[in-house]
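# What the coordinates show
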Amino acid sequence: MTTETAAVPASRFDRARLLAWLQDYGVYAAIAALILVNIAITPRFLTLENLRTQLVQVAPVVIVSFGMALVIGTEGVDLSVGSVMALTTALIPLYLGYGVVPAVVAGLLGGVAVGLVNGSLVAFVGVQPIVATLALFVGGRGIALVVAGGQLKDVHDQTLLDLGSSSLAGIPLPVVVAAVLTVVVMAVVRRTTFGRRLVAIGGNRTASELSGLPVRRVLLLVYVVSGLLAAVAGTLATARLQASDPSSLGLLMELSAITAVVVGGTPLNGGRVRVLGTVAGALLIQLVRATLIKHDLADSIAQMVQAVIILAAVYAARGAGRR
Amino acid sequence: MTHRVRAAAFVALLTLAAAGCAKSEDDKQAGAQDTAGQQQVAQTPAGNVPTCTIDKFGAHKFDLKSGVVGFSQSEKEANPFRIAETASIKSEAKKLGIANLKTTNGQSQFNKQISDVQQLIAQGAQALVIAPLNSDGWEPVLQQAAAKHIPIITVDRQINATACKDYVTFIGSDFYTQGKRAADQMIKALGGKGKVAILLGASGNNVTTDRTNGFKDELKQKAPGIQITFQQTGDFAREKGQQVTEQLIQSNPDVGGLYAENDEMALGAVTALKGAGKKAGQIKIVSVDGTRNAVSQIPGGWISAVIESNPRFGPLAFQTLTNFLNGEAIPQKVIISDREYDASNAKQSVSSAY
């Protein structure tokens, strides 16, 4: 009898622990499982070209997701990232006449500008992040279409195209950029005061304010970084598409990024940023999509599977939070 | 508050700066120029279809030049088809001396298009040219127009209603036939056998359905040796076409032909094939639209053939309207004859693509 009564609290404890483990490492387990399944059922899955394709396609999502992870770490959200990509892709061809560097700088400045507006609204005006960034989620693409004259433009500048298609030691450049940014963002989160402050603000804003942290400045900077990273992704996506298409580039990117962050184990209520988990979250979604496409299943199924993954991640996070 | 003002000013400044000192790579853009290109030609002989006259429809006569004509565009002018379509309507109106052409754009939102047309009616439009986003849901507008006896011509997509009663006539392409002709080109390119993949258009769109069914029916009938082994949506967008093709060439390396249901997806596929180190013509691509960008890929062998979907509705629409107002009998359905581009004519006729 004694063992039975002891078993109930023990199993409850185990369940919470399991969910906590799932929140932290479930995404890696899911990736491993999906890779094994693909090796078994998908022909030519284990090829270098396939690996390259998946990594190149996921690179912009990973880069945008880093910005999103930092913002979510402060208990915020940035809905404008897809529109930033549109704005960047619209700006680049306008300035290519001056050369690649001015064009890319102009594109990146577009992202910084959007970040400044978002950050100001959140940090200084005190608007809820979801509302503040909703404005430019809607308006940003509009501005992009006005700037671009509303139409798709081909990009011919070889230096810019190389950003999307050339390789460094056999690794495609967008993947190199994403990998470098992974290291940088990890270092920022773990080793810098900025990183520690943003996590502190997400954990408890009032306490951070009372203890004298420059909360507003940190919040402003977080949204600027998110805008800048989205602009970097927009630049790489433009180079890869070899065209500027502001009406469709980055569509639904905010949802992919939020999914990657949440599935990667970063809690939506802030206070924690999981960088490698975010990379894994983005990879998982990419693998799901690739698996379904390779087996000729409809795109709508991929969306449903994505929804199930999000629900599972949120469930794990909620259960783990009850520890 | 000051921050909000400052922020708004910043964005406004940025936009101005972006527009002001821009210097683009090259200024020639497909679609922007030369909308006069190749005029549409009606295919259906007038005798075969029921006709409509102004008396039968019950509209009032008016002088087109001094009258108010409304044009309602369905989608953003972000792709060559819509750009060329709107430009063609505007330039033809200008040519005919129609001083009062009012144009609206529904921005791909059906509700907006409905209220656009209602606005046009309220502004006193005496005739309407509509490029409908959807086929259904037009009853409220049709009733309002009928009450004022306003003749309506729909272009490129049909409205589910009665010709010569709810609207006068429809002018457009036959998307099913476009699919069949694409299949004929694919059969030719593959020599009647092989495996084919389809990049579908946006789901739930009748253009997608018709272009798919036409293609499949024709293959089934004429080339049982060709198998369709893969079909995925590319949402009519270049990026999606590129990404899906990248997956496709790894999972189905035996695919010999690719049917893209619009030119943008075909161009995305070309970028994907180039990126994967394929050679021109290794995978035969056939697409539908006839944009200059796609047609100019034919001589190099990246695209085998393009079936045209002619967007230049201006001349035919206003000719039909003029005839109608003059009391002549006009056909209740005008199917235009689309051309096709392949290696034999692409070089010479690329200038007439849009």
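Residues numbered from 1 in each chain as written. Chains lettered and ligands numbered in written order. Predicted model: local features only at pLDDT ≥ 70, side-chain atom pairs only at ≥ 80, totals over all residues.

An unreviewed UniProt entry annotates chain B as LacI family transcriptional regulator originating from Actinoallomurus iriomotensis. As stated in UniProt under Subcellular location (unreviewed entry), the record for chain B gives "Cell envelope". Heading Sequence similarities (unreviewed entry) of the UniProt record for chain B holds this comment: "Belongs to the bacterial solute-binding protein 2 family." (UniProt positions renumbered as here; feature names shortened; annotations may be inferred.)

Going by the annotation in an unreviewed UniProt entry, the name recorded for chain A is Sugar ABC transporter permease, with Actinoallomurus iriomotensis given as the source organism. UniProt, in its Subcellular location (unreviewed entry) section for chain A, records the words "Cell membrane".

## Some remarks on the overall build of chain B
For chain B, the count of helices and strands is 12 helices and 14 strands. When each of the 354 residues of chain B is scored for burial, the buried share is 52%. In chain B, the share of contacts with a sequence separation of at least 24, taken over all contacts with a separation of at least 6, comes to 78%. (Helix = DSSP H or I, 4+ residues; strand = E, 2+ residues; numbered from the N terminus. Buried ≥ 20, exposed ≤ 12 C-beta atoms within 10 Å, placed from the backbone. Contact = placed C-beta atoms within 7 Å.)

## Topic: the overall build of chain A
A tally of helices and strands in chain A yields 13 helices and 4 strands. Here the C-alpha radius of gyration of chain A, 21 Å, is about what a compact globule of 323 residues would show, namely 20 Å. If you line up chain A on its principal axes, its C-alpha atoms span 80 × 60 × 35 Å. Of all 323 residues assigned to chain A, the portion counted as buried reaches 54%. Of the contacts made within chain A by residues no fewer than 6 positions apart, 78% connect residues no fewer than 24 positions apart. (Rg over C-alpha atoms; globule rule 2.2 N^0.38 Å.)

## Notes on helix α4 (residues 100–125) of chain A
In an α-helix there are 3.6 residues to a turn, and that puts residues three or four apart on one side. For α4 of chain A, spanning 26 residues, the distance from its first C-alpha to its last is 36 Å, which sits close to the expected 38 Å at 1.5 Å a residue. One or two positions beyond α4 of chain A, positive phi appears at Gly 126 of chain A, with a value near 85°. (Expected span 1.5 Å × (residues − 1).)

## A closer look at the sheet that holds strand β3 (residues 100–105) of chain B
All names here are of chain B. Within the open sheet, the 6 strands sit side by side as β3-β2-β4-β5-β6-β13. Their pairing is parallel. Of all strands in the sheet, those with a lone pairing partner are β3 and β13 (333–335), marking the two edges. Averaged over all pairs of adjacent strands, the angle between strand axes in this sheet comes to 15°, irrespective of strand direction. Where strand β2 (residues 68–73) lies against β3, 6 bridges are found, and the strand directions are parallel. Residue pairing for β3: Ser 72 is matched across the bridge by Thr 104. Contacting β2, β3 and β4 (127–130), helix α4 (residues 110–122) runs over the sheet at an angle of about 175° to β2. (Pairing = 2+ DSSP bridges. Axes fitted to C-alpha atoms, helices over the stretch in contact; angles between N-to-C directions.)

## Structural notes on the pairing of strand β5 (residues 152–155) of chain B
The side chains of a regular strand alternate, first on one face of the sheet and then on the other. Residue and element names in this part refer to chain B. Burial along β5 is two-sided: Ile 152 and Thr 154 and Ile 153 and Val 155, pointing in opposite directions, are all buried. Bridge analysis of β4 against β5 gives 3 bridges, and the strand direction is parallel. Looking at β5, one finds that Val 129 is bridged to Ile 153. Sheet topology note: the β5/strand β6 (residues 169–172) ladder contains 3 bridges and is parallel. Its bridge partner being in β6, Val 155 is matched across the sheet by Ile 171.

## Some points on the sheet that holds strand β9 (residues 257–260) of chain B
Residues and elements named next belong to chain B. In spatial order, the strands read β8-β7-β9-β10-β11-β14; together these 6 strands make up an open sheet with mixed pairing. A single partner strand is all that each edge strand has here, and the edge strands are β8 (226–233) and β14 (340–342). Neighbour to neighbour, the strand axes of the sheet diverge by 15° on average, direction disregarded.

## Section: the interface of chain B and chain A
Each partner contributes to the interface: chain B provides 39 residues, whereas chain A provides 46 residues. Secondary structure elements with two or more residues in the side of chain B that touches chain A: α1 (2–20), β8, α8 (238–251) and α9 (263–275) of chain B. By residue class, the composition of the side of chain B that touches chain A is 14 nonpolar, 17 polar and 8 charged. (Nonpolar A, V, L, I, M, F, W, Y, C, P; charged D, E, K, R; others polar.)

## Digging into the nonpolar core
Counting residues in each nonpolar core, the largest one holds 157 residues, and the members touching the most others are Ile 63 and Val 64 of chain A together with Ala 269 and Ile 285 of chain B. Two domains each donate at least three residues to this core, and these are domain 1 (46–172 + 311–337) and domain 2 (175–309) of chain B. When residues no more than four places from it in sequence are discounted, the contact partners of Ile 285 of chain B are Leu 258, Ala 260, Ala 266, Ala 269, Val 270, Trp 302, Ile 303 and Ser 304 of chain B. In terms of nonpolar packing, the next biggest core, distinct from the first, is built from 41 residues, Val 129, Val 141, Ile 171 and Leu 316 of chain B among them. (Core = buried A, V, L, I, M, F, W, Y, C linked by C-beta atoms within 7 Å. Domains from an automatic or database assignment.)

## Section: the environment of Ala 182 of chain B
Residues and elements named next belong to chain B. Along the chain, the position of Ala 182 falls in helix α6 (residues 175–190). Taking the C-beta count within 10 Å as the criterion, Ala 182 has 26 such neighbours and is therefore assigned buried. Ignoring any residue separated from it by four or fewer positions in sequence, one finds Ala 182 in contact with Phe 215, Tyr 259, Val 286, Val 288 and Ile 307.

## Comments concerning the UniProt feature "domain: Periplasmic binding protein" (unreviewed entry) in chain B
Residues annotated by UniProt as "domain: Periplasmic binding protein" (unreviewed entry) correspond here to residues 78–328 of chain B. The span residues 78–328 of chain B is 46% helix and 19% strand, and its two end C-alpha atoms sit 36 Å from each other.

## A few points about the confidence of the model for chain A
In this model, chain A carries an average pLDDT of 91, and 95% of its residues clear a pLDDT of 70 or more. In this model residues 1–7 of chain A is a low-confidence stretch, pLDDT under 50, and it forms 0 contacts with partners more than four residues away in sequence or in other chains. (pLDDT = per-residue confidence, 0-100.)

## Some points on the confidence of the model for chain B
Residue and element names in this part refer to chain B. Overall, the prediction assigns chain B a mean pLDDT of 89, with 90% of residues at 70 or greater. Element-level mean pLDDT values for chain B span from 59 in α1 up to 98 in β9. Here the complex is predicted with pTM 0.86, and the ipTM for its interfaces comes to 0.84.

## Quick look at the domain arrangement of chain B
All names here are of chain B. Here chain B is partitioned into domain 1 (46–172 + 311–337) and domain 2 (175–309). In this assembly, 5 residues from domain 1 lie in contact with 5 residues from domain 2. Across the side of domain 1 that touches domain 2, the residue classes tally to 3 nonpolar, 2 polar and no charged.

## So, the packing of helix α3 (residues 81–95) of chain A against helix α10 (residues 215–241) of chain A
Residue and element names in this part refer to chain A. Contact geometry for α3 and α10: axes closest at 8 Å, N-to-C directions at 55°. The orientation of α3 relative to α10 falls into the category oblique. Crossing of α3 against α10: the hand is right-handed. Residues Val 81, Val 84, Met 85, Thr 88, Thr 89 and Ile 92 of α3 form the contact with α10, whose participating residues are Ser 226, Gly 227, Ala 230, Ala 231, Ala 233, Gly 234, Thr 235, Ala 237 and Thr 238. Residues of the contact of α3 with α10, tallied by class, amount to 8 nonpolar, 7 polar and no charged. (Parallel < 35°, antiparallel > 145°, perpendicular 65-115°, else oblique. Left-handed = near helix turned anticlockwise from the far one by under 90°.)

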